[in-house]
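Architecture and fold: a report
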Amino acid sequence: MLLFEDVHWGEEPLLELIEHLAASVREAPLLLVALARSELLDVRPTWGGGRVRSTTLELEPLQSEESAALVVAKLEELGLIPVEVAA
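Calculation notes
Residues numbered from 1 in each chain as written. Predicted model: local features only at pLDDT ≥ 70, side-chain atom pairs only at ≥ 80, totals over all residues. Heavy atoms only, no water. Helix = DSSP H or I, 4+ residues; strand = E, 2+ residues; numbered from the N terminus. Contact = heavy atoms within 4.5 Å. Patch = residues over 30% accessible without salt bridge, like charges linked within 9 Å, V, L, I, M, F, W, Y side chains within 5 Å. Areas by Shrake-Rupley, 256 points an atom, 1.4 Å probe, with all protein chains shown as cover. Salt bridge = Lys/Arg side-chain N within 4 Å of Asp/Glu carboxyl O. Buried < 20%, exposed > 50% of the residue type's maximum accessible area, 1.4 Å probe, protein only. Expected span 1.5 Å × (residues − 1). Arc of directions from axis to C-beta. pLDDT = per-residue confidence, 0-100.

1. What to know about the side chain of E19
As for its placement among the helices and strands, E19 is situated in helix α1 (residues 12–24). Excluding residues that lie within four positions of it along the chain, E19 makes contacts with R44, W47 and R51.

Given below as structure tokens:
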């Protein structure tokens with residue numbers, strides 16, 4: 001498994017490497033995960049498209065309430081309960 005984060009900031013050589021790996025590695029099991037903002041599609045509209053066994057999953061930004069709930073849940077998981085979460 002290879003994970004590439006913030007691919008939208010990647011330079012051409014990195015983007016070409018990821019595409020090359022996706023197109024040419026056939027003899028070994030390989031999972032490529034590339035995280036990017038939608039701006040990547042502005043400069044590379046065909047990114048990830050048309051590949052066999054590929055999936056694009058678009059996620060919407062969290063709303064403020066959802067972000068706060070996520071922070072509270074994570075803090076509770078760690079055993080930390082904040083006095084003022086909204087701050």
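2. Structural notes on a nonpolar patch on the surface
On the surface, a cluster of nonpolar side chains totalling about 430 Å² of accessible area is made up of M1, L3, L31 and L35. Looking at where L35 falls in the secondary structure, it is placed in the loop between β2 (32–34) and α2 (40–43). For L35, a relative accessible area of 40% gives the class partly exposed.

3. What to know about the pattern of salt bridges
In the structure shown here, the tally under the stated rule is 3 salt bridges. For the salt bridge of R44 with E12, the shortest nitrogen-to-oxygen distance reads 2.9 Å. Of the two residues, R44 is situated in the loop between α2 and α3 (64–77) and E12 in helix α1; the sequence distance between them amounts to 32 residues. Note that E77 and K74 form a salt bridge whose closest N and O atoms lie 2.8 Å from each other. With E77 and K74 both in helix α3, this residue pair falls 3 residues apart, about one helical turn.

4. Quick word on unusual backbone geometry
If a residue is not glycine, its phi is most likely negative; likewise, a peptide bond is most likely trans. Backbone geometry places D6, a non-glycine residue, at a positive phi of 55°. Along the chain, D6 falls in the loop between β1 (2–4) and α1.

5. Examining the environment of A36
Its location among the elements puts A36 in the loop between β2 and α2. On a C-alpha basis, the gap between A36 and E66 in space is 21 Å, while along the polypeptide they are 30 residues apart. Once you skip the residues sitting within four places of it in the chain, A36 turns out to touch V7 and H8.

6. Observations concerning α1
Helix length check: α1, at 13 residues, gives a terminal C-alpha distance of 18 Å against a target of 18 Å (1.5 Å per residue), a fit within 8%. Buried residues of α1: L15, I18, E19 and L21, and no others. Projected onto a plane normal to the axis of α1, the buried residues spread over an arc of 160° and lie on a single side.

7. A word on the confidence of the model for the protein
Confidence in the prediction for the protein averages 86 pLDDT; 92% of positions are at 70 or higher. Within the protein, the lowest mean pLDDT, 87, falls on α3, and the highest, 96, falls on β1.

8. Concerning α3
A rise of 1.5 Å per residue sets the reference length of α3, with its 14 residues, at 20 Å; its end C-alpha atoms lie 20 Å apart and thus fit the reference within 8%. Within two residues after α3, G79 carries a phi angle of roughly 80°, on the positive side.

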